[in-house]
Each structure stands twice: as C-alpha cells, then as structure tokens.
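Residue-level structure breakdown
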Amino acid sequence: MPVVGEYEPSPAAWVREQVELYEGSGGTKGTTFRDTGLPVVIMTNRGARSGKVHKTPVMRVEHEGRYAVVASKGGAPEHPLWYHNIRANPLVELQDGPGKQDMIARELSGAERAEWWRRAVAAYPPYAEYQEKTSRQIPVFVLEPVQGT
C-alpha cells in the first residue's frame, strides 16, 4: 500500500532538487543534508488537506529497522507542514538509499520520545539548538514498517 497520487513538489528549491537527485539516482546521490555530510532519507506522505503526495528529505535516524522523524523546522515556532500531513495520514513511504519501505508514523511522548530524541540529537546535533530556540516541544515520530510488506 504505497503512497500514490498526484505529486506536488516542494516550493523550496533545495528540497525539490534534493528529492530529484535522490530519487533520480536510485538513492545513490543526494543522500546527505546540504553541506553537512550527514545522511538523509526521503519521506513521502499524503497532504492532510490537498491529498497530494509530498516528499521531504529528513535526517536519517535509524534504530533496529525503525526511523525517527523530527518536526524541528529549524527551531521555528510552528511545526513543519509535513507534521500535520503525517498526523492526518500516518502511512508514509521511506526511501533509505536504494531501499523503499511502507511505514506507519506514530508520534512519541514520555520516555519513548526521550529515547528517540537522544538518538536524533546524536545523529544531528543541531536538533538540541533548535529545541532551545523554540518554546514548543519539538515533536518526534517513529516510523515503523507496515506489517506484511
């Protein structure tokens, strides 16, 4: 049950370009975040209002076949748009290098969130700075494989 439908590319040029490079190369290029050298994966989800397909590079935070996605938006006071999309439509497709997998997103809280937050900050240290910049608690989701895929 992959995420299918009309694709609406991001209005942000760097996001569009990274997604095109990542997918166009079969997951062999565009696999790091800008100039950091830190790995990213591509999350595909359905828009909460539009129903259109969206693709976003997110930091690669993987543990035992599950992935965290962090709704940091660089420490902005509001959540990124994809946060609302996966709350409304938790089925996502995740591309990690050449591999693609259907996943279910689940927002975390309590000790489970704290554990994944530590993993996320270890993978991408600026998350800690982003949390200091905003009064909202930055949401963390875990993406878990859809059973039977």
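Notes on the structure in this doc start here.

How each quantity is defined
Residues numbered from 1 in each chain as written. Predicted model: local features only at pLDDT ≥ 70, side-chain atom pairs only at ≥ 80, totals over all residues. Heavy atoms only, no water. Helix = DSSP H or I, 4+ residues; strand = E, 2+ residues; numbered from the N terminus. Expected span 1.5 Å × (residues − 1). Buried < 20%, exposed > 50% of the residue type's maximum accessible area, 1.4 Å probe, protein only. Arc of directions from axis to C-beta. Contact = heavy atoms within 4.5 Å. 1 Å grid on protein atoms, 1.4 Å probe; cavity = no way out; pocket = protein on both sides within 12 Å on 5 of 7 lines; lining within 4 Å. Points joined across faces, edges and corners; volume = space filled by probe spheres on them. Nonpolar A, V, L, I, M, F, W, Y, C, P; charged D, E, K, R; others polar.

With that settled, the discussion passes to helix H1 (residues 13-24). In this model, H1 (twelve residues) spans 16 Å end to end at C-alpha, consistent with the 16 Å of a helix rising 1.5 Å per residue. Residues of H1 that are buried include every one of Val15, Gln18, Val19 and Tyr22, and no others. Along the long axis of H1, the arc covered by the buried residues comes to 100°, so they all point the same way. Every exposed residue of H1 that faces more than 90 degrees away from the buried side is listed here: Glu17, Glu20 and Gly24. Tucked inside the fold, the buried residues of H1 contact strand E1 (40-46), strand E2 (53-59) and strand E5 (91-96). Of the residues flanking the end of H1, it is glycine 26, one or two places downstream, whose phi is positive at about 70°.

What follows deals with the layout of surface pockets. Roughly 960 Å³ of volume is contained in the largest pocket. Looking at the largest pocket, it is lined by 32 residues, and the ones nearest its centre are Val15, Thr56, Pro80, Leu81 and Trp82. For the lining of the largest pocket, the secondary structure elements donating two or more residues are H1, E2, helix H2 (81-88) and helix H4 (126-133). Broken down by element, the lining of the largest pocket gets its largest block of residues, six residues, from E2. Broken down by class, the residue content of the lining of the largest pocket amounts to 18 nonpolar, nine polar and five charged.

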